[in-house]
Amino acid sequence: MSRLGTAYLRTLQALGQWIPYGTTIYERNWDVLIVLDACRADLLQTVASDTELFNAVSTVRSVGSSSSEWLENTFPGHPETSHTVMVTGNTWTDRYLDADAFAVLDEVWKYAWDEDLNTVPAEAVTDRAIALARRLNPERLVVHYMQPHHPFVPDPLDSDGGLARTGHHSNTANPWVALRRGDISPGRVWDAYEANLRYVLREVEALAENVDGHLAVTADHGNLFGEWGLYGHPMYTPVPALLAVPWAETDGVDGGGREPDLRPPEPLPVSRVYGSESDSCRLKSLGYL
C-alpha cells in the first residue's frame, strides 16, 4: 500500500476507534448462533436460495470490522457469557477471551488445525458443537466457523501461484493483497470466496439437523473487495461493506443423524500464552501476520 493509502487507512481506523457502531449478538433472539467468519451479507443473500436453511437473509450492523474487534466488543464483561458455550475455529480467542468467563470455551483450532488446508475444517467445528449441545444443553451456543475466510478450502487458488497458501505455509500475498496489487481478478477471488461459503453452509445444514433450538446465522464482519479503495478486513474501519453482516434465522431439530467422533485432548489445552510459534504460523495462514 502506498504511503497515501496507508495514511488514509490509518485515518479511518483512528475515527473507527471512537465511533460506536452496531449492536451485540446478545441483543438479538437466538439459542444457537452460527458465526461465519468474514462473510459479506450480499454473498450469503446470493447463495441463500440454494440452501434449505432459511427463507430470507437480512442485514445487521456488526460491532467490529475484524474478528479481534468483534470478540473484544461482544464478550468481555457481558453477563451472558457465563451461560454461553462457545465452539470456535477462530485463532484470536487466546488474546481476547477469558475461558473462565464462559460456561465452556472450546478452541477447536488448538487441536483440529489441518496443516494441509492451513485452517480449521468446518467439519471439526460442527462435530464439537453437536457433541457439546447434546452433552450440556446450554442456554446459549455460539459456533464460530472460520469459513468463508480464506484459505479457501474447495478452491485454494493454487493455480494462481498459491496466493492463499503455499504448501504448509501461508504466502504473504494473500488474496486481498493480490487484489490490491492487481495480480488477480476480483471475479476469480469472488468465485473462490463463494465456493468457501457453500462449503461451510453444508456443515451449517448438518448442524441444524443435529441440534435443538432457534438458530441464527451471522458473521463477525464482512470483507472488502475494493470499496473505499480497501481490501480484506482491517481493524477499526467503519466501512459499510465490513459492518453490514448477514442475519438469517431458522429452527434446529436434533434428528440424531450425526455422531461426532472428534474429541479434544484431555484435558483441553489451557495455556493462555499468546504468541507461540504454532499460533503465529496459524495467524500467518489466515493472513494476519
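These figures come from a predicted structure and were not determined experimentally.

Trainee: Help me out: how do you make sense of the nonpolar core in this one?
Mentor: One broad trend across soluble globular proteins is that nonpolar side chains are buried collectively. Ile34, Leu36, Leu44, Phe75, Val108, Tyr145 and Leu197 are the most contacted members of the largest nonpolar core, which totals 73 residues. It is helix 7 (residues 186-208) that contributes the most residues to this core, ten residues altogether. Apart from residues no more than four positions distant in its own chain, Leu197 is found in contact with Leu36, Cys39, Leu43, Leu44, Val47 and Pro148. Of all hydrophobic cores here, the second largest spans five residues; its members include Leu224, Val239, Ala241 and Leu242.

Trainee: What am I meant to see in helix 5 (residues 122-136) here?
Mentor: One turn of an α-helix holds 3.6 residues; hence residues three or four places apart share an orientation. End to end, helix 5 covers 21 Å across 15 residues, agreeing with the expected 21 Å (1.5 Å per residue, within 8%). For helix 5, the complete set of buried residues consists of Ala122, Ala124, Val125, Thr126, Asp127, Arg128, Ala129, Ile130, Ala131, Leu132 and Ala133. Contacts from the buried residues of helix 5 go to strand 3 (84-88), strand 4 (104-107), strand 5 (140-148) and helix 7. Following helix 5 by one or two positions, Asn137 has its phi on the positive side, about 45 degrees.

Trainee: Looking at this structure, I do not really get the pattern of salt bridges. What am I missing?
Mentor: Oppositely charged side chains can form a pair if their charged atoms are brought close together. The final tally for this structure, using the stated rule, is 13 salt bridges. The partner of Arg198 in a salt bridge is Asp50, and the shortest N-O contact between them spans 3.0 Å. Placement of the pair is Arg198 in helix 7 and Asp50 in the loop between helix 2 (41-47) and strand 2 (58-61), with a sequence separation of 148 residues. According to the relative accessible area criterion, Arg198 is partly exposed, its value standing at 29%. Accessibility expressed as a relative area gives 52% for Asp50, which makes it exposed. Lys110 is the partner of Asp94 in a salt bridge, and the nearest nitrogen-oxygen pair spans 3.1 Å. One end of the pair, Asp94, is in helix 4 (residues 93-96); the other, Lys110, is in the loop between strand 4 and helix 5, and 16 residues separate them in sequence. Comparing Asp94 with Lys110 shows no difference in burial state: the two are buried. Each of Arg40, Asp42 and Glu227 takes part in one network of salt bridges that share partners.

Trainee: Help me understand the packing of aromatic side chains in this model?
Mentor: Two aromatic rings are characterised by how far apart their centres lie and by the angle between their planes. Tallied over the entire structure, the rule returns twelve aromatic pairs. Residues Trp70 and Phe75 carry aromatic rings whose centres are separated by 5.6 Å and whose planes lie at 85 degrees to one another, so their mutual orientation is edge-to-face. A relative accessible area of 1% means that Phe75 is categorised as buried. Between the aromatic rings of Phe152 and Tyr193, the centroid separation amounts to 6.4 Å while the plane-to-plane angle is 55 degrees, which identifies the pairing as tilted.

Trainee: What should I look at first to understand the sheet that holds strand 4 in this one?
Mentor: In a beta sheet, neighbouring strands pair by backbone hydrogen bonds and run either parallel or antiparallel. With respect to topology, seven strands assemble into an open sheet ordered 2-9-6-1-5-3-4, the strand pairing being mixed. Edge positions in the sheet fall to strand 2 and strand 4, since each has one partner strand and no second. Averaged over all pairs of adjacent strands, the angle between strand axes in this sheet comes to 20 degrees, irrespective of strand direction. Inspection of the sheet shows strand 2 paired to strand 9 (residues 244-252) by four bridges, in the antiparallel sense. Note that in strand 9 the partner of Thr59 across the bridge is Pro246. Contacts from helix 5 reach strand 3, strand 4 and strand 5 within the one sheet, and its direction differs from that of strand 5 by about 175 degrees.

What counts as what
- Residues numbered from 1 in each chain as written.
- Predicted model: local features only at pLDDT ≥ 70, side-chain atom pairs only at ≥ 80, totals over all residues.
- Heavy atoms only, no water.
- Core = buried A, V, L, I, M, F, W, Y, C linked by side-chain atoms within 4.5 Å.
- Buried < 20%, exposed > 50% of the residue type's maximum accessible area, 1.4 Å probe, protein only.
- Helix = DSSP H or I, 4+ residues; strand = E, 2+ residues; numbered from the N terminus.
- Contact = heavy atoms within 4.5 Å.
- Expected span 1.5 Å × (residues − 1).
- Salt bridge = Lys/Arg side-chain N within 4 Å of Asp/Glu carboxyl O.
- Phe/Tyr/Trp six-rings, centres within 6.5 Å; stacked < 30°, edge-to-face > 60°.
- Pairing = 2+ DSSP bridges.
- Axes fitted to C-alpha atoms, helices over the stretch in contact; angles between N-to-C directions.

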